[in-house]
Amino acid sequence: MTRIDFHSKVPDKIFYACRLVRKARAASMKVVVHGDDTQLAAFDDALWTFSEQDFIPHVAADDELAARTPVILCGDPGQALPHHQVLVNLSMETPGHFARFERMFEIVSTDDADLAAGRERYRQYQQRGYPLTHFVAEK
């Protein structure tokens with residue numbers, strides 16, 4: 001069963017996701033980042049600039065190198081994915097394919113709509129019996 005970690009009241013979801021992905025990669029985990037096109041474009045840009053010391057290889061899920069790349073960006077929940085270790089959700093929606101993953105990070109910003117959507121997802125996962133943890137981002 002997927003272990004789900006909520007990180008809420010995050011001031012900058014993209015930067016926060018970069019840090020989480022860097023930490024997962026340091027542990028040799030393979031990661032899929034889920035979000036809408038705008039979020040994924042911002043995340044792609046941020047991975048190139050957020051740290052001068054780190055290179056995090058990443059491609060879109062439909063790229064021919066996806067099977068050999070440790071970080072995949074995916075906006076389509078129906079997209080076939082080559083690995084299912086860690087899922088990072090940037091969107092306000094429940095990813096349709098989350099149950100295939102060993103672990104999922106839900107990143108929820110300080111925006112009122114995002115907080116409300118995050119609370120609803122938390123309740124849904126809780127009602128379905130998923131193991132949940134919750135972290136409030138430090139200011």
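What counts and what doesn't
Residues numbered from 1 in each chain as written. Predicted model: local features only at pLDDT ≥ 70, side-chain atom pairs only at ≥ 80, totals over all residues. Heavy atoms only, no water. Axes fitted to C-alpha atoms, helices over the stretch in contact; angles between N-to-C directions. Helix = DSSP H or I, 4+ residues; strand = E, 2+ residues; numbered from the N terminus. Parallel < 35°, antiparallel > 145°, perpendicular 65-115°, else oblique. Left-handed = near helix turned anticlockwise from the far one by under 90°. Contact = heavy atoms within 4.5 Å. Phe/Tyr/Trp six-rings, centres within 6.5 Å; stacked < 30°, edge-to-face > 60°. Buried < 20%, exposed > 50% of the residue type's maximum accessible area, 1.4 Å probe, protein only. Expected span 1.5 Å × (residues − 1). Arc of directions from axis to C-beta. Pairing = 2+ DSSP bridges. Salt bridge = Lys/Arg side-chain N within 4 Å of Asp/Glu carboxyl O.

Describe the packing of helix α1 (residues 13-26) against helix α2 (residues 37-49), and please don't skip the residues or the numbers.
Where α1 contacts α2, the axes come no closer than 9 Å and their chain directions differ by 55°. Considered as vectors, α1 and α2 are oriented oblique to each other. Note on packing geometry: the crossing formed by α1 with α2 is right-handed. On α2, the residues that touch Lys13, Ile14, Ala17, Cys18 and Val21 of α1 are Gln39, Ala42, Phe43, Ala46 and Leu47.

How would you sum up the packing of aromatic side chains? Please name residues and give values.
All told, the structure shown has seven aromatic pairs when counted by the stated rule. Seen from their ring centres, tryptophan 48 and phenylalanine 55 are 5.6 Å apart, and the 50° between their planes marks the pair as tilted. Each member of the pair tryptophan 48 and phenylalanine 55 is classed as exposed. Ring pairs connect the aromatic residues Phe6, Phe98, Tyr122, Tyr125 and Tyr130, which therefore count as one cluster.

Give a description of helix α3 (residues 112-127) that names residues and reports values.
With 16 residues, α3 should reach 22 Å at 1.5 Å per residue; the first-to-last C-alpha distance of 23 Å fits that figure. For α3, the set of buried residues is Asp114, Leu115, Ala117, Gly118, Arg121 and Tyr125. Seen along its axis, α3 keeps its buried residues to an arc of 165°; they face one direction. Those residues of α3 that are exposed and aimed more than 90 degrees away from the buried face are Asp112 and Gln127. At its buried positions, α3 is contacted by β1 (3-10), α1, β5 (86-89), β6 (103-109) and β7 (132-136). Just downstream of α3, glycine 129 is the residue with a positive phi angle, here 85°.

I'd like to hear about the pairing of strand β2 (residues 31-34), residue by residue, with values.
Neither face of β2 is open: one carries Val31 and Val33, the other Val32 and His34, and all of them are buried. Alignment of β2 against strand β4 (residues 71-74), held across four bridges, turns out to be parallel. Paired with valine 32 across the two strands is isoleucine 72, which belongs to β4. As paired strands, β2 and β5 are joined by four bridges and run parallel to one another. Counterpart to valine 33 in the pairing with β5 is valine 88.

Before we move on, can you summarise the pattern of salt bridges with the specific residues and values?
Overall, the coordinates contain six salt bridges when judged by the stated rule. Of the charged contacts in the structure, one is a salt bridge between arginine 103 and aspartate 5, with a shortest N-O distance of 2.5 Å. With a gap of 98 residues between them, arginine 103 in strand β6 and aspartate 5 in strand β1 connect regions that are remote in the sequence. A residue is classified by how much of its surface remains accessible, and arginine 103, at 22% relative accessible area, is partly exposed. For aspartate 5, a relative accessible area of 0% puts it in the buried group. Taken together, the shared-partner salt bridges in this structure form one network comprising Arg3, Asp5 and Arg103.

I'd like to hear about unusual backbone geometry, residue by residue, with values.
Despite not being glycine, lysine 9 shows a phi value in the positive range, around 55°. Judged by its relative accessible area of 45%, lysine 9 is partly exposed. Here serine 28, not a glycine, exhibits a phi torsion of approximately 60°, which is positive. Residue placement: serine 28 occurs in the loop between α1 and β2.

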